[in-house]
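Close look at the chain arrangement
Residues per chain, in single letters:
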Amino acid sequence: MAEDKKGLYPIVLSPEKYARTIGREAMRSNIMAAVLVSEILKTSLGPRGMDKMLVDELGDVTVTNDGATILDQMHVEHPAAKLIIEIAKTQDKEVGDGTKRSTVLAGELLKRADELLDKNIHPTVIIEGYNKAAIIAEELVNKLAQNISMDDEETLIKVAKSALSSKLASIYSDKLATIIVDAVKKVTDVVELSTGEKKIIVDLDSLKIEKKIGGGVEETSLIDGIVIDKEKIHGEMPKVVSNAKIALIGDAIEIKETETDARINISSPDQLEQFLSKEREMLKKMVEKIKEVGANVVFVQKGVDDLAAYYLAKYGILAVRRVKKSDMEKIAKATGGKILNSIDELSENDLGYAELVEERKVADENMIFITGCKNPKAVTILIRAGSEHVADEIERSINDAIKDVATVIKYGKVIAGGGALEMELGEGIRKEAKKESSKIQMAMLAFADALEAIPSALAENAGMDTIEAMTQLRALHEQGKKWAGIDATEGKVKDMWEKNVIEPANITIQAIKSAVEAAIMILKIDDVIAAVGKSMEGGSSGKPGEEGEVEE
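Residues numbered from 1 in each chain as written. Predicted model: local features only at pLDDT ≥ 70, side-chain atom pairs only at ≥ 80, totals over all residues. Heavy atoms only, no water.

Below, the discussion takes up the sheet that holds strand E18 (residues 379–385). One open sheet holds the three strands; their spatial order is E9-E18-E10, and the pairing between them is mixed. Each edge of the open sheet is held by one strand with a lone partner, namely strand E9 (207–213) and strand E10 (221–223). On average, each strand axis in the sheet is tilted by 25° relative to the strand beside it, whichever way the strands run. Inspection of the sheet shows E9 paired to E18 by seven bridges, in the parallel sense. In the sheet register, Lys-212 faces E18, and the bridge partner there is Arg-384. Where helix H7 (residues 173–186) meets the sheet, it contacts E9, E10 and E18, and its direction lies at approximately 20° from that of E10. (Pairing = 2+ DSSP bridges. Helix = DSSP H or I, 4+ residues; strand = E, 2+ residues; numbered from the N terminus. Axes fitted to C-alpha atoms, helices over the stretch in contact; angles between N-to-C directions. Contact = heavy atoms within 4.5 Å.)

What follows is the structure, given as C-alpha cells:
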C-alpha cells in the first residue's frame, strides 16, 4: 500500500490474497531456501556420506544416497528451492551424475553472496564476478584434465569404481565396474564423418537394466541380448527356440468388442454355438497368419486370448503377452523386427531374428532371454539383490556409473576426485582475482571459497578434523601438488590420482555451470509476488500487510 504525493489516497498494488516481498528481504528468503536444500545433500556427499530415508504419502520408503533421487522425491513449497531442484535435475539429464555437487556448490555460492550483500555489494557486481570465475574455472578444468582413449579399459574401470564409491554398490565395485565398462563399450560406435573426423556415439538406449529379487548383488551379470521379466503364456509352449524368428505385435490377439449401441439377440443354443464358432475361427486365423509368415516367437504388447494361446502352443510358437512398450522397442532394435499393430499387415520381412530365445528360471521366477541378436549392441545388465530397496539402490548406482563411463568415452577427459580439482580451481581463481581492482575481486574470491566447500564437506563426512584437513590441502596445492584431495576411506589427505579416484572432467564443468546458473537466477530476483496459500488465510486480523495488502 502506498500514498499519493499529497498523502491522501492509499494505492493497493497487489490484489487480495497476494503477498509481495521486495528487495533484500526477498533475496534473503530465496537464498535461505536454496541453502537449506544444499545443506540436506551436503551430508550425503562422498564415500562416507550418509543415506536419506524418504517416505511418500502412501508410506513407500526409499533409502538412498543418490542426489537426483533425493531431489526428485523431496516435496518443497518454496519457489527458490524448486528452482535449485530443477537445475540439479538438468545436471542429471545432461551428464547423469554430479547432482549433489552442483546443488551443494549452488548453496555455497548463495551463502557467500549473502555475506557480500550484507557489505552493500550490488547483486550485479556479484553476478559479474561469479561469471568471470566460472569462465576461469572451465578453462582450468580443460587445462588440468588428462586425455584418455576409449581403449584405456583400466582407467574406465577406475572411473566406474569412483562413481560407485559413494553408493551402497561400493562393496561390489570390482565386479560391477567391469560389467559397466563392458556394457558401455558394447553400445559404443565410432563413426567417420564426411570431413574425415571420427565421432564417438554411445547409444545408451541399447543398454537395458533388469532387476530380479533373490540372490546376492555379486550374482549381477551382463547378458549379450535382451532380458524381460515375463514368462510364456501357455504351459505347452516350447521353453527354448533356436533360430528364432520374432513377431512383434503392438495390439492384442483378442476379439475386440465393438463400441456401438447395436445388440445381438441370440434365441437358441445353435445361434450361440455359431457365434462362438465364428470367434474361434477369427482367433485361429490370426494365429495361422503368424505361423504362415514363419514366426516361431511372438511378443505382444497387449493381451492374448486364452484360445489364441492354445493355438499358438499347438503350432509350437513361444508367446509372451503384456510386454512393456519400452521393452518392445528394445527387442525391435536388438532383433531388427518391426512392431506392427495389425496382424494382417505382418510379413516375413517384419520379423526379427535371434539365435536363441529361452525361458530361464531366475530366483524361482521365469524370465525370457533373447540372445544372439541381429544387433550385437543390445545388452542387458541383470541386477540381483536380496531385497527391493537394495535392488533399486544398486540400479541407481549402476545408472550413475554407466553415464560417467559414457561421458569419459565421449569426451575423453578425466580428472582426479576427492575435492582435489576444486582446491586447484580455488587457487587459480584467487590468482586471477588479484588482477581485478574493483569489487568484482570480492565476488571472485567468494567463488573460490565456495569451491572449497566440496573438499571440506568430504572431510567432515569422513569424520576428519575439517580445519586441519583444509589447512593441509591448501599447503600441498601451494607446493604444486595439484591432485592432493580428501581420501574419505582412510580419512587422510592423499594424492587422489595415485588412489585411482578418477572422474569425468565434463561432470565438474557441468556442475559448476549448473551451480552458477542457479545462483545467478536467484540473485537476480528482488521482488516476489505470490498467491497466499490456504494455510496463510486462517490467521488474518485484517490489518494492512496481511492477506496481500503489503505496505510499500
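Don't stop here, the text continues.
Moving on to the pairing of strand E7 (residues 188–192). Note: E7 against strand E8 (residues 198–202), five bridges, orientation antiparallel. Bridge pairing in E8 links Glu-192 to Lys-198. Connecting E7 to the antiparallel partner E8 that follows it, the hairpin turn spans five residues, and Gly-196 within it adopts a positive phi of roughly 95°.

Further remarks concern the environment of Ile-85. Within the secondary structure layout, Ile-85 lies in helix H3 (residues 79–95). Since its relative accessible area comes to 5%, Ile-85 is described here as buried. Discounting chain neighbours no more than four positions away, the residues touching Ile-85 are Val-37, Leu-71 and Val-76. (Buried < 20%, exposed > 50% of the residue type's maximum accessible area, 1.4 Å probe, protein only.)

Applying the stated criterion across every chain yields a total of 35 salt bridges. Between Asp-174 and Lys-161 there is a salt bridge, with its nearest N and O atoms 2.8 Å apart. Here the residue Asp-174 occupies a position in helix H7, and Lys-161 occupies one in helix H6 (residues 153–164), the gap between them amounting to 13 residues. The closest approach of N and O atoms between Arg-474 and Glu-452, which form a salt bridge, is 2.7 Å. Of the two residues, Arg-474 is situated in helix H15 (residues 466–478) and Glu-452 in the loop between helix H13 (440–451) and helix H14 (453–461); the sequence distance between them amounts to 22 residues. By relative accessible area, which is 33% here, Arg-474 ends up partly exposed. Overall, Glu-452 belongs to the buried group, its relative accessible area being 5%. A network of salt bridges, in which partner residues are shared, links Glu-39, Lys-42, Glu-108, Lys-111 and Arg-112. (Salt bridge = Lys/Arg side-chain N within 4 Å of Asp/Glu carboxyl O.)

Quick look at the sheet that holds strand E22 (residues 502–504) now. Strand pairing in a sheet takes place through backbone hydrogen bonds and is either antiparallel or parallel in direction. An order of E6-E19-E22 is seen for the three strands of this open sheet, with the pairing classed as antiparallel. Across the chains shown, the open sheet's two edge strands, defined by having one partner strand only, are strand E6 (146–147) and E22. Looking at chain direction, strand E19 (residues 413–416) and E22 are connected through three bridges and run antiparallel. Across the sheet, the residue bridging to Ala-416 is Ile-502, located in E22. Here helix H16 (residues 505–523) sits on the sheet in contact with E19 and E22, set at roughly 60° to E22.

Two aromatic rings, taken as a pair, are described by how far apart their centres are and by the angle between their planes. Scanning all chains against the criterion turns up three aromatic pairs. Ring centres of Tyr-130 and Phe-447 lie 5.8 Å apart, and the angle between their planes is 70°; on these two criteria the pair is classed as edge-to-face. With Tyr-130 in helix H5 (residues 123–144) and Phe-447 in helix H13, the pair connects residues that are 317 residues apart, well separated along the chain. Exposure remark for Tyr-130: the relative accessible area of 0% places this residue in the buried category. In this structure Phe-447 comes out as buried when scored by relative accessible area, which is 1%. Stacked on the ring of Phe-369, the Lys or Arg Arg-360 has its end atom at 4.0 Å from the ring centre. (Phe/Tyr/Trp six-rings, centres within 6.5 Å; stacked < 30°, edge-to-face > 60°. Lys NZ or Arg CZ within 6 Å of the ring centre and 35° of its normal.)

One can describe the packing of H5 onto H13 by two numbers: an axis separation of 8 Å at closest approach and a directional angle of 55°. Considering their axes alone, H5 and H13 lie oblique with respect to each other. Relative to H13, H5 is oriented so that their crossing is right-handed. For the pair H5 and H13, contact is made by Val-125, Ile-126, Glu-128, Gly-129, Tyr-130, Lys-132, Ala-133, Ala-134 and Ile-136 and by Ile-440, Ala-443, Met-444, Ala-446 and Phe-447, respectively. Tallied by class, the residues present in the contact of H5 with H13 amount to eleven nonpolar, one polar and two charged. (Parallel < 35°, antiparallel > 145°, perpendicular 65-115°, else oblique. Left-handed = near helix turned anticlockwise from the far one by under 90°. Nonpolar A, V, L, I, M, F, W, Y, C, P; charged D, E, K, R; others polar.)

Tracing the sequence through the fold places Val-414 in strand E19. Here Val-414 falls in the buried class, since its relative accessible area comes to 0%. Spatially, the C-alpha atom of Val-414 lies 9.5 Å from that of Ile-507, the residues being 93 residues apart in sequence. Setting aside anything within four residues of it in sequence, one finds Val-414 in contact with Ala-145, Gln-146, Ile-148, Val-159, Val-408, Trp-497, Ile-502, Glu-503 and Ala-505.

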